[in-house]
Amino acid sequence: MIRKYLRSVPSVAAALVALHASAQVPTTQTAVVQTRNGGPEVLELQSVPVLEPGPGQILISVHAAAVNPVDWRMREGYSGRPQPGRRPPPSSPPVRIPGFDAAGTIAALGPGVTGLSVGDAVFAMIGLIRVDGLNGGYSEYVVAPANRSLPLPDGFTFAEAAGLGTVGLAAARILIPVDIQPGQRVFVNGIAGGVGSSAAQMAKALGAVVIGTASARHHEYLESIGVDQIVDYTQVNFEDVVEPVDVYVETVSVEFATRGLKIIKPGGAIASVVGVPAPELCQQAEVDCPELGPPDAQPEAGAMSEPELLAHVRQLAQEGSYRVNVDRTFPLAEAGAAQEYNREGHTTGKVILIVRE
Ligand SMILES: NC(=O)c1ccc[n+]([C@@H]2O[C@H](COP(=O)([O-])OP(=O)(O)OC[C@H]3O[C@@H](n4cnc5c(N)ncnc54)[C@H](OP(=O)(O)O)[C@@H]3O)[C@@H](O)[C@H]2O)c1
């Protein structure tokens, strides 16, 4: 009897901690709500309910949230012209809380969640998991899937960790299938951006020679992450100055990827987050152009799932081979300005909203 009581003490204590912490969670919170499709003026600070985490979900008290291009595209109702090979945008109601990436501390655990505790510092990829209410990173509290919520890597601030998910996972998703080998030449178009700088660091960690395009303002940062050759695309066309490469990474547009076929060795590959050239062009150039499926699609046999990819990204960050550069931070109330700054398209790394200091 006594033994049974003692065995249950840690779980009782944990339950009490969880109860205490969840008792401090308010029922309402301040969040940035996209009230309709349009410009930054459609983003409003509103008081909205705090959702309870469902099975397999956690509630995060948000300290920082990342701004991604998908946020202002969804705000505009995805008016961008479709590109061949580009995945369709996620469907989402126009009234929503933006933000797919957040970092903070766990405020409550949903049923069945193990391996995480209330109070843990985590970063998460939120996704469109709650259709029953407003839920997104631009808020004081967000519900996230437990299997896409991971402890902050050592030495990471909340702002840096908030910038790990979407871009790190996108870079890992496109690079793993092309299987970069030490010594191979990897070219990254748009190497200073969120996806580009992630791909550059991952390729360097695999022992590749990394080349990429960026305007002059980013050169010091790119040298600091070990980029071997930087091409200022405002001065020259990359295809005129870059020696043949094994892997071409595209982060800007499919038109560039088509130009990129000129600098890829026969037998090489394109890894793109913005679409691949027409199959006949890839065939002609003897280049492998794998298409990126929707982010939440079931992985093909043998491919890594999203939670596995995210764990891979965290591991790289934990080992010190992948850092997030925070270009600029904005307070939550200035989410519209933050999206417009990101929309200009010239950030070095990530734009981050600070929700709690
Ligand atoms: N499919 C997916 O799962 C997925 C995931 C994440 C992102 N994406 C997409 O990938 C794209 C990039 O995202 P991101 O987060 O990396 O964007 P970002 O952080 O805003 O980066 C933009 C970068 O592009 C560079 N750039 C702009 N025009 C350029 C040009 N003509 N040539 C070379 N570089 C140029 C900019 O550098 P300069 O200042 O030098 O111009 C800037 O560093 C977006 O379209 C995004 O929606 C897709």
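Fair warning: this is a prediction, and the values are worked out from it, not measured in the lab.

Colleague: What should I look at first to understand the packing of aromatic side chains in this one?
Modeller: Aromatic ring pairs: the centre-centre distance and the angle between the two ring planes describe each pair. By the definition in use, this model includes four aromatic pairs. Seen in terms of ring centroids, phenylalanine 187 and phenylalanine 238 are 4.9 Å apart; in terms of plane orientation they differ by 35°. Their pairing is tilted. In this pair, phenylalanine 187 is assigned in strand 8 (residues 185-189) and phenylalanine 238 in helix 7 (residues 238-241), connecting sequence segments 51 residues apart. Overall, phenylalanine 187 belongs to the buried group, its relative accessible area being 0%. In this structure phenylalanine 238 comes out as buried when scored by relative accessible area, which is 3%. Measuring from ring centre to ring centre gives 5.2 Å for phenylalanine 187 and tyrosine 248, while their planes differ by 25°; the resulting arrangement is stacked. With phenylalanine 187 in strand 8 and tyrosine 248 in strand 11 (residues 245-250), this pair connects stretches of sequence that are 61 residues apart. Given a relative accessible area of 0%, tyrosine 248 falls into the buried group. In textbook terms, an aromatic cluster arises when at least three aromatic residues are bridged by ring pairs, as seen for Phe187, Phe238 and Tyr248. Over the face of the ring belonging to phenylalanine 156 we find arginine 323, whose NZ or CZ atom lies 4.4 Å from the ring centre.

Colleague: I tried to follow the nonpolar core on my own but got confused; where do I start?
Modeller: Side chains of nonpolar character tend, in soluble globular proteins, to be buried together. Membership of the largest hydrophobic core comes to 51 residues, with the highest contact counts inside it found for Leu164, Leu175 and Val249. Residue contributions to this core peak at eight residues, all from helix 4 (residues 165-178). Two domains each put at least three residues into this core: domain 1 (2-164 + 324-354) and domain 2 (167-284). Beyond its immediate chain neighbours, meaning those up to four positions away, leucine 164 contacts Phe123, Pro153, Phe156, Leu169, Val313, Ala317, Tyr322 and Val324.

Parameters at a glance
Residues numbered from 1 in each chain as written. Predicted model: local features only at pLDDT ≥ 70, side-chain atom pairs only at ≥ 80, totals over all residues. Heavy atoms only, no water. Phe/Tyr/Trp six-rings, centres within 6.5 Å; stacked < 30°, edge-to-face > 60°. Helix = DSSP H or I, 4+ residues; strand = E, 2+ residues; numbered from the N terminus. Buried < 20%, exposed > 50% of the residue type's maximum accessible area, 1.4 Å probe, protein only. Lys NZ or Arg CZ within 6 Å of the ring centre and 35° of its normal. Core = buried A, V, L, I, M, F, W, Y, C linked by side-chain atoms within 4.5 Å. Domains from an automatic or database assignment. Contact = heavy atoms within 4.5 Å.

So, to be careful, I would describe these as geometric facts and stop short of saying anything about function.
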